[in-house]
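Chain by chain, the residues run as shown.
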Amino acid sequence: MAVASEQDGLAGLTEEEPRAHGALRRLLGRVLSVIVSVVLTVFGLLVVTFFIGRVVPVDPLLAVVGDRAPEHVRVQAAVELGLDLPLWRQFLRYLSEILQGDFGNSVLSGQPVLTDIARFFPATLELATVATLIGVCLGVPLGVLAATRHGRWQDQVIRVVALAGYSVPVFWLGLVGLLVFYAELGWVAGPGRIDVVYEYSIEPVTGLMLVDTLLAGDHAAFLDAFWHLILPASVLGYLSLAYITRMTRSLMLAELGQEYVIAARVKGLPERLVIWRHVLGNIMVPLITTVALSYAYLLEGAVLTETVFAWPGLGLYITQSLFSADLTAVLGATIVIGLVFIGLNLLSDLLYTLVDPRAR
Amino acid sequence: MSTPLLEVRGLRVAFPGQEGLREVVRGISFTVGCEKVGIVGESGSGKSMTARAILDLIPPPGRVSADRLTFAGQDLTRLKPGERTRLRGRRIAMVLQDPRHALNPVMTIGAQLAETFRLHHRLSRGEARRRSIEALDAVHIRDPERVVRLYPHEISGGMGQRAMIAMMLAPGPELLLADEPTSALDATVEAGILETLDELVTARGMGLVLVSHDLDLVAAFCDRVLVFYAGRIVEELPARDLAQARHPYTQGLLACVPRLGERRRELPVLRRDPSWAAS
Ligand SMILES: Nc1ncnc2c1ncn2[C@@H]1O[C@H](COP(=O)(O)OP(=O)(O)OP(=O)(O)O)[C@@H](O)[C@H]1O
Ligand SMILES: [Mg+2]
């Protein structure tokens, strides 16, 4: 007896020895590799945006000097912009400008692109965040319900609901939503973020309308902002819900047959705890990726939704800039979106290690 | 032993398949008292399904029926699902085959043990933790204060199975089903685990059903042996008489057991006869 116990114990010890010793070194290694990968990704992003800027058939001078400028003005402008330099010198210049936070000026507004983005991005952020909240709060329970009622009518209904979220065009949903809930029923507010009545009385502190109205202590304005937000957020939330429901369902189904689930039931745990504590704990990592992906997708600025709802977000900004051939603005916004993507990836990586002991 | 702990009469488990229902357990009857009963039989003979049917854990779309299924005089077939759940763990528990899969990979050993204590004894967090450490100590895990903080992937298979036994015995069940508790482990660890199991089961006066492929092990460890073949029990006999088994299937199984120091030209082929399962 004592011998067998000893063996088990020793096996455990030898496994733990490097854990205690290498913990710090592994953490450092991890941080280092994360930094390296972020730097490389950002560099790649800048290379790509730079070359897109050179390749697209838009004359960068056109937006600066107009189409009727005499030749010497064009040449002077080209020199000012560094367009006469070899390509690699141009790239270095681009790189150093970006690193100093200089994304150039938007032709359309005459403002620095970063200032523009700081003005438009919060609208997208607010919309995407509320939509993702809707998607998670409904999508996860729906996915769980579908998996636990696998093959029964609840599952079928949920599958149809999710499938519709994939296949119905979002601008159509937005238009129908406006028609029904705004024009016909009058339950929600129409396009825009807030009624003109409040538009100029609210100090833009964070740029998030719900937060700013609360900070201003204006309850009527808060409610108005809420009723403006709810419809576009629901439309996008439905999109996110469809994706999250489907992923949750299939992740759950793969997990439900596992031995540890049976063990949890053998212990006498009620099914509720078996599902929400044991199974959900095990699909947390892929679920976090799913949510992060859908959030990132919405943060790109849902162009169609923002257009339908006249929502002054990043999507709308990019479209407007594209239509006026404002390449500086488009690329600036692209870089910001890329950075948001990288940031979200980093965050979900970080959450993994918190959630999954095997990843530590 | 007037009323046996567990009484099973005409237990059937079936799964719907292409050609209608396929019965994998076909009318099994046996009783278990405060004793150690071994179940042997080849792969697919329905051993695990029998154990799971007793716990009401046959996965859908499987169907279970029984003429009689009683535990300590209580008719299990009449219980509501909630009452059946409450019986699990608390009065009948099961040790699963492979601790590497049967322990939740994202919860510490301590959390999984404490959860069981809290569920069945309504203990405070601190008290549950203290009892978990005691329980690990009782299954001869060294340094239990450290082990409660570890995750399943950080401990050896043998230690995992000990933790599993501790977890399943935590609520103080009267009957323990052990479904091949050592077949996923090294042979060197096996003896120790079984000894611990024996020690605890005997000390608590529990009933034990040990499912195993290993006839020698069952003969040495159990009081009585049930031989399964194709969803039926073909022979039931005292473990010490296993060597004198009369049924051709059991004799065949015995002939397949390799003996140390014995030379064989080729392994004997197990004889099977559908008529054995028909009777
Ligand atoms: N979910 C299921 N659906 C259909 N058939 C199943 C299912 N689970 C098990 N079976 C069948 O039930 C039969 C009995 O399985 P069981 O697991 O009880 O065998 P066993 O005696 O425990 O074998 P082993 O020694 O390999 O563990 C097998 O033929 C198997 O194919
Ligand atoms: Mg089995």
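Parameters and conventions
Residues numbered from 1 in each chain as written. Chains lettered and ligands numbered in written order. Predicted model: local features only at pLDDT ≥ 70, side-chain atom pairs only at ≥ 80, totals over all residues. Heavy atoms only, no water. Helix = DSSP H or I, 4+ residues; strand = E, 2+ residues; numbered from the N terminus. Buried < 20%, exposed > 50% of the residue type's maximum accessible area, 1.4 Å probe, protein only. Contact = heavy atoms within 4.5 Å. Areas by Shrake-Rupley, 256 points an atom, 1.4 Å probe, with all protein chains shown as cover. Lys, Arg positive; Asp, Glu negative; His and termini not counted. Charge placed at Lys NZ, Arg CZ, Asp CG, Glu CD. Domains from an automatic or database assignment. Buried area = accessible area lost by both parts, 1.4 Å probe. Salt bridge = Lys/Arg side-chain N within 4 Å of Asp/Glu carboxyl O. Near = heavy atom within 4 Å. Polar contact = N/O pair within 3.5 Å; in protein donor to acceptor, adjacent residues only side chain to side chain. Nonpolar A, V, L, I, M, F, W, Y, C, P; charged D, E, K, R; others polar. Patch = residues over 30% accessible without salt bridge, like charges linked within 9 Å, V, L, I, M, F, W, Y side chains within 5 Å. Pairing = 2+ DSSP bridges. Right-handed = clockwise from strand over helix to strand, strands pointing away. Axes fitted to C-alpha atoms, helices over the stretch in contact; angles between N-to-C directions. Parallel < 35°, antiparallel > 145°, perpendicular 65-115°, else oblique. Left-handed = near helix turned anticlockwise from the far one by under 90°.

Draft legend 1. Highlighting the overall build of chain A. From N to C terminus, chain A includes 15 helices and 0 strands. The dimensions of chain A, computed from C-alpha atoms along their principal axes, are 95 × 60 × 40 Å. Per-residue burial over chain A gives 41% buried out of 360 residues. In chain A, 70% of the contacts between residues at least 6 apart in sequence involve partners at least 24 apart. When the accessible surface of chain A is totalled, it reaches about 19100 Å², and 69% of it is carbon and sulfur. Of the side chains in chain A, 22 bear a positive and 30 a negative charge, and the two mean positions are spaced by 10 Å.

Draft legend 2. Molecular detail of the domain arrangement of chain A. Residue and element names in this part refer to chain A. Considered domain by domain, chain A is made up of domain 1 (21-99) and domain 2 (117-359). Measuring from the centre of the C-alpha atoms in domain 1 to the corresponding centre in domain 2 gives 31 Å. Listed per partner, the contact involves 15 residues of domain 1 and 12 residues of domain 2. Both sides together, the interface formed by domain 1 and domain 2 hides about 1000 Å², and carbon and sulfur atoms give 86% of it.

Draft legend 3. Broad picture of the pattern of salt bridges. Enumeration over the complete set of coordinates arrives at 21 salt bridges over all chains. With its nearest N and O atoms 2.5 Å apart, the salt bridge here joins Glu115 of chain B to Arg277 of chain A. Taken as a pair, Glu115 of chain B in helix H4 (residues 109-121) and Arg277 of chain A in helix H12 (residues 271-299) lie in two separate chains rather than in one. On the basis of relative accessible area, Arg277 of chain A is assigned to the partly exposed category, the value being 37%. Here Arg9 of chain B makes a salt bridge to Glu7 of chain B, at a shortest N to O gap of 3.5 Å. One connected set of salt bridges, linked through shared partners, spans Asp155, Arg159 and Arg249 of chain A.

Draft legend 4. Representation of the site of ligand 1. All names here are of chain B. Close to ligand 1 lie 14 residues, the nearest being Ser43, Gly44, Lys47, Ser48 and Met49. Within the contact set of ligand 1, an oxygen atom lies 2.8 Å away from a side-chain nitrogen or oxygen of Lys47. Protein burial of ligand 1: of its 640 Å² of free accessible surface, 67% is covered by the chains. Going through the elements one at a time, strand S2 (20-32) and helix H1 (47-54) are the ones with two or more residues in the shell around ligand 1. Classifying every residue of the shell around ligand 1 by side-chain character gives 4 nonpolar, 6 polar and 4 charged.

Draft legend 5. Here's a closer look at the interface of chain A and chain B. Listed by partner, the interface residues are 33 residues for chain A and 45 residues for chain B. When chain A packs against chain B, close to 3300 Å² is buried across both sides, 58% of that on carbon and sulfur atoms. Taken together, chain A and chain B are joined by 3 salt bridges. Summed over the shared surface of chain A and chain B, the result is 11 residue pairs in polar contact (both at pLDDT 80 or more). For the side of chain A that touches chain B, the secondary structure elements donating two or more residues are helix H1 (2-55), helix H11 (259-266) and H12 of chain A.

Draft legend 6. A nonpolar patch on the surface, seen in detail. Residue and element names in this part refer to chain A. Taken together, the side chains of Phe171, Trp172, Leu175, Val176, Leu179, Val180, Phe181, Leu185, Trp187 and Leu304 define a hydrophobic patch exposed on the protein surface, amounting to about 940 Å² of accessible area. Examining the composition of the nonpolar patch, we find that 7 residues originate from one element, helix H7 (residues 170-184), more than from any other. Along the chain, Val180 falls in helix H7. Of the residues examined, Val180 reaches a relative accessible area of 31% and is grouped as partly exposed.

Draft legend 7. Representation of the pairing of strand S9 (residues 207-211) of chain B within the structure. Residue and element names in this part refer to chain B. Taking burial as the measure, the 5 residues of S9 include 5 buried ones, the bulk of the element. Going residue by residue along S9, you find Gly207, Val209 and Val211 tucked away on one face and Leu208 and Leu210 tucked away on the opposite face as well. Pairing geometry for strand S3 (residues 36-40) and S9, over 4 bridges, is parallel. Bridge pairing links Gly38 to Leu210 in S9. Where strand S8 (residues 175-179) and S9 come together, 5 bridges link them in parallel fashion. Looking at S9, one finds that Ala178 is bridged to Leu210. What joins S8 to S9 is helix H8 (residues 187-204), and the crossover it makes is right-handed.

Draft legend 8. Looking closely at the packing of helix H6 (residues 153-167) of chain A against helix H10 (residues 219-256) of chain A. Residue and element names in this part refer to chain A. Axis separation between H6 and H10 bottoms out at 8 Å; the angle between their running directions is 135°. Between H6 and H10, the crossing angle belongs to the class labelled oblique. Remark: the crossing between H6 and H10 carries left-handed chirality. Contacts from Asp155, Ile158, Arg159, Val161, Ala162, Leu163, Ala164, Gly165 and Tyr166 of H6 reach H10 at Tyr238, Leu239, Ala242, Tyr243, Thr245, Arg246 and Arg249. Taken together, the residues of the contact of H6 with H10 break down into 10 nonpolar, 2 polar and 4 charged.

Draft legend 9. Geometry of unusual backbone geometry. Residue and element names in this part refer to chain B. Omega for the bond connecting Pro60 with Pro61 falls within 30 degrees of zero, at 5°, which places this linkage in the cis form. With respect to the secondary-structure elements, Pro61 resides in the loop between H1 and strand S4 (63-65). Residue Asp56 is not a glycine yet carries a positive backbone phi of 65°. Along the chain, the position of Asp56 falls in the loop between H1 and S4. Residue classification places Asp56 among the partly exposed residues on the basis of a relative accessible area of 38%. Unlike most non-glycine residues, Ala72 shows phi in positive territory, near 50°.

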